[in-house]
Each structure stands twice: as C-alpha cells, then as structure tokens.
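# Coordinates in review
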Amino acid sequence: MSGVSFLLNIARTALLAQQKGIDVTGHNIANVNTPGFTRQKLILESVEETPIARLKLGYGVNADSVVRYFDTFTTQSINQKTSSLSEYEAKKSVLDYVQTLFNDGAGNGLNEATNEFWNAWQDLSNNPSGIPERTALLQKAQNMCQAFQMIRNNLTQTKDQMNFNLKSGMEEINTLNEQIAKINQRIIEAEANGTTANDLRDQRDNFVEELSQLTDITYLEKANGSLTVTTKAGIALVDGNLFWTLSQQGDHIYWNNSQNDISDQLTGGKMGGWLDLRDNILPQYIANLDELAGTMIDQVNDLHYNGYTLDGATNKYFFNHLNFASDVAYGTWSGTSIASSGGVYANTAPAGTFQFTVTSAGTGKVGTDTITLGWTGPGGTSGTMTFDSSYVPGTLVDVSQGLQISLGNGTVVNGDTFAIDVSPGASCPDYSGAARDIALSSDVDGLPRNIAASTSSNPQDTGNNQNALAIQALSDEQVSTKKWTYQNRGGIQSSTNQFGTMDEYYNVLVGDIGMVTDEAVQNQNFYETMINQLNDLRDSVSGVNLEEEMINMMKYQYAFMAASKLVNASDQMLQALMQMQ
Amino acid sequence: MRVATSSFYQTIQQGLLNRASELKKIDEKVSSGKNFNRPSDDPISLVSTLGFRTALSRVEQYSQNLETGTLWLSSSETAISQASELAKQAEDIANQIGYGNQTNEIMTQAAAEVSHLLDQAISLGNTQLAGKYIFAGYRTSTAPFSKTIVGGVETVVYNGDTNDFQIQVGTNEQLTVGKNGQTVFVDSNLFAALENLKQAITNNDLPSIRQQAQILQGTEDSLGTQLAEVGIRQNRLKDKQDLLAKWIVNIQDQISNLENVNYNKAILELQQQQTAYEIALESAAKISQLNLLNFMS
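Right, let's walk through the structure included here.

Turning to the packing of aromatic side chains, a few remarks are in order. All names here are of chain A. Within the structure shown, the criterion is met by 21 aromatic pairs over all chains. With a centroid separation of 5.4 Å and an interplanar angle of 55°, the aromatic rings of Phe-6 and Tyr-59 are classed as tilted. Here the residue Phe-6 occupies a position in helix 1 (residues 4-30), and Tyr-59 occupies one in strand 2 (residues 58-68), the gap between them amounting to 53 residues. Relative accessible area serves as the criterion here: at 7%, Phe-6 is assigned to the buried category. Of the aromatic side chains, those joined through ring pairs into one cluster are Phe-117, Trp-118, Trp-121, Phe-318 and Phe-319. We note Arg-68 situated over the ring of Phe-70; from NZ or CZ to the ring centre the distance is 4.3 Å.

Encoded structure:
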C-alpha cells in the first residue's frame with residue numbers, strides 16, 4: 001500500500017519517535033548528577049511493510065523500548081569492594097580514636113607515668129626515710145594507676161559503643177531489606193508486560209549498594225526481575241517481596257527473631273568492622289593491658305609484702321591486692337579414698353606454703369547420700385561443707401579463701417582425709433580486669449610511712465633502702481608476661497609468654513595499635529582507589545556524558561525538524577492532488 | 001574510553017581531596033615539628049622512641065642519684081679528714097707531754113684539750129646530711145656515737161649498725177656512698193685512743209701516753225686509707241656522671257633523629273605538595289570550563 005497519506009503516516013511515526021528520543025535525552029541530562037542513575041537509550045526500529053511483489057516500502061519508525069546501559073559485572077565488583085571499604089572505614093574511625101589513648105608520642109601517656117613511678121622508687125632509695133619522697137611515690141603510683149584505668153575504661157566504653165553502632169546498622173539493614181522487597185514487588189508488576197522498569201532498578205541498585213556498605217552480600221536476579229539477597233554466609237535477607245529482619249539482644253544478633261546468634265555470619269561492611277572491633281581487636285588490647293597491669297601489681301606486691309615499713313611493720317601491700325582467679329589447677333591434691341576429687345585454687349597464694357585438710361565425718365555415696373566434710377585451713381581456720389543428694393559429682397564447690405573442690409563418683413568412708421597443698425610457683429593467674437582495678441592498697445594509700453622501703457624489721461633502721469632498690473630493679477627485670485592474640489572474633493584466644501621488661505611490653509602494645517590502625521588506613525586507601533577506578537569503569541558505560549547528550553539532542557532535533565518537513569511535503573503533495581481538475 | 005561527565009568532577013574532587021590530605025600530612029609535620037603525631041604515623045619509630053624515652057628517664061634518674069651520692073661522699077670526706085686532723089692534734093699533745101717534766105697545770109690543760117678533741121670526734125661521727133646521720137649504717141635517725149659511763153669511766157659507744165648505704169647508679173649497678181661508723185671510726189681506734197689518752201693524762205701515766213701516741217698514728221693511717229677510698233669512689237662517681245651526661249646527650253640525639261622533622265626535607269616536600277595542589281586546582285578550573293555549549297550558537 002502506498003500513497004500520500006502513507007508518507008504522512010511515516011512522518012507521524014518519525015515525529016513521535018524523535019520526540020521520544022529528545023525525551024530520553026532530556027531524562028539523561030536531567031539525571032546527570034543523580035547518584036546511581038544509569039543512562040538510558042531509546043531503541044528505534046524501522047517498521048517494514050509486508051512486501052508486495054518486489055516492492056518493499058518501510059512504514060516508518062517505531063520507538064521499541066527504552067533500555068539502560070547497565071554493567072552487571074562491574075556493579076557487582078563495586079558492591080563487593082564497597083563492603084571491604086566500609087569495613088575498613090569503620091575500623092579506621094574507631095582505631096583512630098583508640099590510638100589517641102596510647103598516644104605516648106607526646107610523652108604524657110602510660111609510658112611516661114610508668115617511668116616516673118620507677119624513678120620515684122629510686123628517689124625513695126636515695127632517702128628511704130624521707131616523707132616527701134614517700135608522698136611523691138604514692139602520687140606517681142596514683143598517676144600510673146589512673147593512666148591504666150583511663151585507657152582500660154576508654155577501651156571498654158569504645159567496645160560497648162560498638163553495640164549501639166551495630167544496632168543502628170541493623171536497623172538500616174532492616175529498612176533496606178524492606179525497601180528492596182517493596183521495589184521487587186513493583187518491578188515484578190511493572191515488567192509483567194515485557195517492559196523494563198529502568199528507574200526502579202536504579203533505585204534498587206542504590207539500596208543494594210547501601211546494603212553492601214553494611215555487610216557483605218550476594219544477590220541474584222530472578223527471571224521475573226526480582227532480586228534475591230543473602231549475606232555472603234547465606235543468611236536470607238530478601239526474596240521477591242519477602243524480607244527478613246535482624247534483631248539485637250545484648251551482644252547477640254538474631255535473624256527473624258530466632259534465638260540463634262548469627263553475628264558470625266555477618267562479615268565485611270560496617271557491621272563486620274564493628275563486630276571485629278567488639279569481639280576481637282578491642283578485647284585483645286584490653287586483655288593485654290590487663291596482663292601488664294596484673295604483672296605490675298603482682299611483681300611489686302610480692303616484694304612490698306615482704307618488706308618493712310618505716311615503723312618496722314611488714315605484710316603490707318602496695319597495690320590493692322587483687323584475687324586473680326587462677327586459670328589452672330593450683331597446688332597438689334593427695335589423700336586417702338575420698339571419692340576421686342579435684343579442685344582449683346582461685347587466689348594468688350601468699351608467700352609460703354599452706355595446706356587445707358578435708359576429712360569426712362560420715363559414710364555415704366556421692367550424689368545419693370548427704371555427705372558432710374570438715375575442713376581445716378591455714379591460720380587455724382576450719383569449717384564444714386555439705387554435699388546433699390542433689391550434688392552432681394564433679395561440680396566445684398567453694399571451700400574457703402579461693403579454694404574450690406569437687407567430689408567424683410564414689411563412696412566416702414568415715415575418717416577419709418584429703419590434703420590440698422597450695423604452694424606458689426606453678427601459678428598462671430588470670431589477670432583480666434587488672435588494668436581496671438589497679439589502685440593503691442588501703443595499706444599505703446595516704447599513709448606514706450607504710451611504704452616498705454626497708455628489709456629490716458627494726459624501726460631504727462630508717463636508712464635501709466634495700467627493698468626500694470629491689471622494687472626499682474623490677475623496671476629492668478625480664479619478666480614473663482602473657483601476650484594474647486585473638487582471632488576469629490575472639491573465638492580463638494591464644495597466648496604466648498613474652499620475656500622482657502614491662503616497659504617493652506607496653507611499647508610493643510603501642511606499636512601494635514599503630515600498625516593495626518595503619519593497616520586499616522592502607523586498606524581503606526586501597527579499596528577507595530579501586531572503587532574509584534571501578535566507578536569510572538561503570539560510569540564509562542552507565543554514566544551520562546553531557547556532550548554526548550547534547551549531540552544526541554541535536555540529532556533528534558534535526559530529525560524532528562526533517563520529519564516536520566515531511567509533513568510539509570506530503571501536505572503540498574496532497575494540495576497538488578486536490579487542485580487537479 | 002567513554003567518560004561520563006560526573007566522572008570528570010569525581011576525578012577532580014578525588015584528586016583535590018588526595019592532594020589536600022597529603023598537604024595536611026606534611027603541614028602537620030612541619031607545624032608540629034614531629035615526624036609522627038599518632039602511633040599509626042610510624043609505629044616502628046614510635047616503639048624505638050618509647051624505648052629511648054624510658055632509657056633517658058632512667059639515665060637521668062641515675063644521674064640524679066649520683067648527686068645524692070656526691071653529697072654523701074663529700075660529707076664523709078670532710079668528716080674523715082677532720083677526724084684525721086684531730087687525731088694528729090691528739091698525737092702531738094701526747095708527744096709533747098709523753099716524755100715527762102710537765103707541770104700539773106700543763107697536764108690538766110692537756111687533759112681538757114684531749115677531752116675537747118674527743119667531743120669534737122663524737123660530733124664528727126654524728127655528722128648529719130639533710131637530718132640523717134651518715135655514719136650510722138641503716139640507723140640514720142639515731143645519733144650513732146654517744147658517751148656513757150662504763151665502770152666509772154666515760155666511754156664512747158656506737159649505736160649504729162654495720163650496714164653501708166648504697167645508691168643505684170645503673171641497671172643492676174649499685175655504689176656504696178656511705179660507710180658505717182663502725183668501719184670508719186670504731187675500727188680505726190679513734191675513740192678508744194682518745195679515751196685512753198685522756199685517762200692516761202689524768203693518771204699521769206707517761207708510758208701509756210706514749211703508747212696512745214703510737215696508736216693514734218695508726219688511727220691517722222687508717223683514716224687516711226678511708227679517705228683515699230672515699231676519693232676513689234668520688235672519682236668513680238664523677239666518671240660515671242660524665243658517662244651518663246654523654247649518654248643523655250646520645251639518647252636525646254637518637255630520640256631527636258627519630259622524632260624531629262628534618263626541616264630542609266619537610267619544607268621541600270611541603271613546597272612540592274603545594275605546587276601539586278595548585279596544579280590540581282588549575283586543571284580543575286580549566287576542565288570545568290570545557291563544554292560543548294560554549295561552541296554552540
């Protein structure tokens with residue numbers, strides 16, 4: 001079929017199509033600065049008429065669809081790297097603060113306080129009876145304790161702060177999950193008729209990117225256009241129009257309100273960073289600081305306890321003596337047949353040996369009958385303890401002064417005895433909390449005369465400085481201090497014994513923190529550069545170039561003008577026809 | 001490669017931010033004068049610096065301890081040399097009167113003089129330094145020498161003990177700066193000789209007076225030896241003080257090398273970064289002017 005009206009029809013399709021072209025161009029220009037916008041393109045195709053004989057005439061143009069230039073692979077890479085970048089950003093911002101706690105570079109941190117503490121002991125050794133020297137020492141010791149506590153408390157607060165961060169992060173995840181699910185629904189509906197919902201997809205991609213800032217995710221597009229999102233470890237977040245929420249209780253993160261901690265399945269992103277900080281990085285520093293404080297307390301107290309004050313008194317503690325629970329069985333256990341027993345000694349044993357004796361005052365089967373045991377301990381202490389029928393064999397029961405014992409399965413016979421020798425030497429005390437609790441003991445706090453600088457019980461020996469010399473020598477002594485390494489979010493805690501002075505131990509700790517912070521900074525820079533490059537790559541496909549759009553605009557504009565000429569031409573042709581007589 | 005318009009701006013922005021951050025880093029160095037202002041700036045150098053700081057703090061303390069030591073030793077020196085002088089005077093008196101033909105008056109005067117010397121010797125033995133008796137061993141708050149009457153005879157007793165006073169002058173290194181009064185005075189027979197001399201003069205016992213003169217000669221020798229020993233320790237202390245002073249300078253150098261900014265280098269770096277920043281700004285200004293619209297009418 002052909003005719004003048006045919007040309008008019010072609011002009012009509014052209015006008016409409018070119019105008020659509022300008023619309024799409026306009027949309028692109030309008031969104032040049034819209035984050036996550038993917039440039040769109042009008043797909044035009046010529047319309048062919050069914051051929052008649054050998055004459056093939058086109059019907060004009062058809063605006064088929066608007067597609068977006070989208071690079072799935074690069075976008076996925078960007079999202080993955082975004083998770084890593086956000087993780088290191090989160091770590092860096094926290095570590096930046098943490099390292100200021102250890103900022104001894106300026107010479108006013110714990111290092112300095114400790115140096116002054118040791119020097120104060122030397123000052124005292126120069127003038128062992130001097131009250132000013134004694135008062136100064138107490139002051140310096142107080143400063144050191146406060147430096148320990150300040151760092152320890154700030155580390156703990158920072159660690160606790162992580163739970164607030166995690167909570168807000170989790171709320172963000174929940175909101176994003178919901179939004180993605182909603183957009184999924186709208187995309188399914190919009191694309192049911194075969195079109196693509198370009199701008200909805202852009203929005204969804206934005207949400208996915210935001211989600212990947214929070215945690216590592218993987219996602220997959222289904223045939224109906226909806227997106228299924230899971231965490232990298234496989235926790236389902238969104239499927240079609242369904243979504244699941246996370247909730248927090250104390251240190252736990254639950255999925256879909258099931259009482260099952262899934263925090264180990266959140267890796268990467270800010271959430272991963274915060275979890276690493278909360279469960280691994282910060283607790284490790286806290287544990288190491290505690291080891292140092294505990295070693296300091298024990299070493300100084302050991303010598304101080306056996307020294308003599310200005311008035312000849314002894315058995316005074318310098319630091320508040322903390323009962324560090326022992327994390328190994330302590331002492332030796334021996335005796336006649338009391339149902340195979342065991343126990344732990346949970347205090348730091350004072351100097352010298354001391355013994356507990358446990359004797360049964362009746363016969364009976366452990367866990368069935370009521371068994372009464374009498375015990376005598378050091379310093380004439382004694383008491384009884386009862387194991388009734390509800391006692392579960394093997395359970396530790398407090399005796400006294402940090403001693404706990406347990407009875408195994410078996411029978412106790414009247415008169416059975418059991419001796420426990422608690423002797424110092426094999427100790428492996430658990431110093432956790434030491435840096436928080438370090439303080440002057442009530443023996444010396446405000447009582448400078450009670451500092452034990454002397455090794456002589458004679459109060460006339462005011463010039464005896466031997467204990468002060470011995471205590472100051474601790475500063476140069478190679479001591480064994482446990483150094484903790486946490487891995488796997490605190491799931492693996494291993495320790496090695498470090499030999500060196502206490503100063504060195506602390507200095508290495510500061511170095512560690514510097515290095516971990518530096519590592520976070522380097523990683524952050526690395527991922528930032530990488531993402532910039534990937535973004536350029538993605539934008540080279542998806543981004544809008546104004547020059548290009550302007551050229552497109554001209555292209556469509558001229559085509560539109562030409563099509564208008566077509567109308568003009570067919571009009572003139574029609575007029576010519578009409579005027580034929 | 002196709003370049004998106006936003007990429008241009010992104011690149012400009014990123015470039016400027018990077019330059020600015022580099023500029024800030026070097027500016028912080030220059031203005032603080034320190035190579036590192038937080039542990040992450042240079043963890044390894046920081047750990048070394050902290051180690052040196054501890055060493056410096058210790059060495060300065062040792063140096064301060066040496067000052068205390070110097071005071072003890074110079075007080076000892078004065079007391080011992082005066083005691084030696086005093087023994088010499090007593091010996092001279094003994095030699096003057098020990099060979100007979102002296103009037104009673106002279107003998108009485110000699111006895112009074114010796115008695116006076118004895119009191120002086122006691123006061124030397126009770127030398128105090130900042131309220132502490134330095135010849136009392138550890139009993140620093142009790143006067144080590146006092147007079148008591150034993151069997152009707154006035155006798156000097158030693159109330160101190162036999163410990164010496166030590167100070168810390170280095171890691172695991174202590175130096176005795178205060179000898180006890182037993183070693184210094186009692187063992188050199190200073191008091192015994194003076195007491196006996198006084199007794200002998202009172203009794204007009206010439207052989208005994210001559211004997212005491214001989215004993216006092218021994219006392220002078222013994223005190224001389226003590227004095228030499230103090231001198232040796234003073235020298236050792238001075239050597240140590242010099243050594244520590246050198247050490248302090250050395251450690252300070254080390255710290256300063258690690259910690260302090262090399263200004264020549266830093267200023268040069270600052271200028272480089274400044275130029276780079278200016279270039280980035282300029283290119284930003286130029287690029288943002290590029291636009292097709294400028295050429296379309």
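Let us now look at the environment of Gly-51 of chain B. Residue and element names in this part refer to chain B. Here Gly-51 is to be found in helix 2 (residues 43-97). When its relative accessible area of 33% is taken as the criterion, Gly-51 is described as partly exposed. Sequence spacing of Gly-51 and Ile-255 is 204 residues, and the spatial spacing of their C-alpha atoms is 9.4 Å.

The subject of this paragraph is the interface of chain B and chain A. On the side of chain A, 56 residues touch chain B, which itself brings 46 residues to the contact. Taken together, the two surfaces of chain B and chain A that pack against each other cover about 4400 Å², and 47% of this comes from carbon and sulfur. Ranking the residues of chain B by area buried against chain A places Arg-2, Arg-58 and Tyr-138 of chain B at the top, with a combined share of 17%. The salt bridge involving Asp-461 of chain A is made with Arg-139 of chain B; its shortest N-O contact spans 2.7 Å. The interface formed by chain B and chain A contains 30 residue pairs in polar contact (both at pLDDT 80 or more). Taken together, the elements giving at least two residues each to the side of chain B that touches chain A come down to helix 1 (5-32), helix 2 and strand 5 (165-170) of chain B.

Moving on: the packing of helix 4 (residues 131-190) of chain A against helix 5 (residues 198-214) of chain A. Residues and elements named next belong to chain A. Here helix 4 crosses helix 5 at 155°, and the two axes come no closer than 9 Å. Considered as vectors, helix 4 and helix 5 are oriented roughly antiparallel to each other. In the crossing of helix 4 with helix 5, the sense of the turn from one axis to the other is left-handed. In this structure, helix 4 uses Gly-169, Glu-172, Ile-173, Leu-176, Asn-177, Gln-179, Ile-180, Ile-183, Asn-184, Arg-186, Ile-187 and Ala-190 to contact helix 5, whose residues at the interface are Leu-200, Arg-201, Gln-203, Arg-204, Phe-207, Val-208, Glu-210, Leu-211 and Leu-214. Class assignment for the residues of the contact of helix 4 with helix 5 results in 11 nonpolar, five polar and five charged.

Conventions we followed
Residues numbered from 1 in each chain as written. Chains lettered and ligands numbered in written order. Predicted model: local features only at pLDDT ≥ 70, side-chain atom pairs only at ≥ 80, totals over all residues. Heavy atoms only, no water. Phe/Tyr/Trp six-rings, centres within 6.5 Å; stacked < 30°, edge-to-face > 60°. Helix = DSSP H or I, 4+ residues; strand = E, 2+ residues; numbered from the N terminus. Buried < 20%, exposed > 50% of the residue type's maximum accessible area, 1.4 Å probe, protein only. Lys NZ or Arg CZ within 6 Å of the ring centre and 35° of its normal. Contact = heavy atoms within 4.5 Å. Buried area = accessible area lost by both parts, 1.4 Å probe. Salt bridge = Lys/Arg side-chain N within 4 Å of Asp/Glu carboxyl O. Polar contact = N/O pair within 3.5 Å; in protein donor to acceptor, adjacent residues only side chain to side chain. Axes fitted to C-alpha atoms, helices over the stretch in contact; angles between N-to-C directions. Parallel < 35°, antiparallel > 145°, perpendicular 65-115°, else oblique. Left-handed = near helix turned anticlockwise from the far one by under 90°. Nonpolar A, V, L, I, M, F, W, Y, C, P; charged D, E, K, R; others polar.

Any link to function would need more than the numbers given here.
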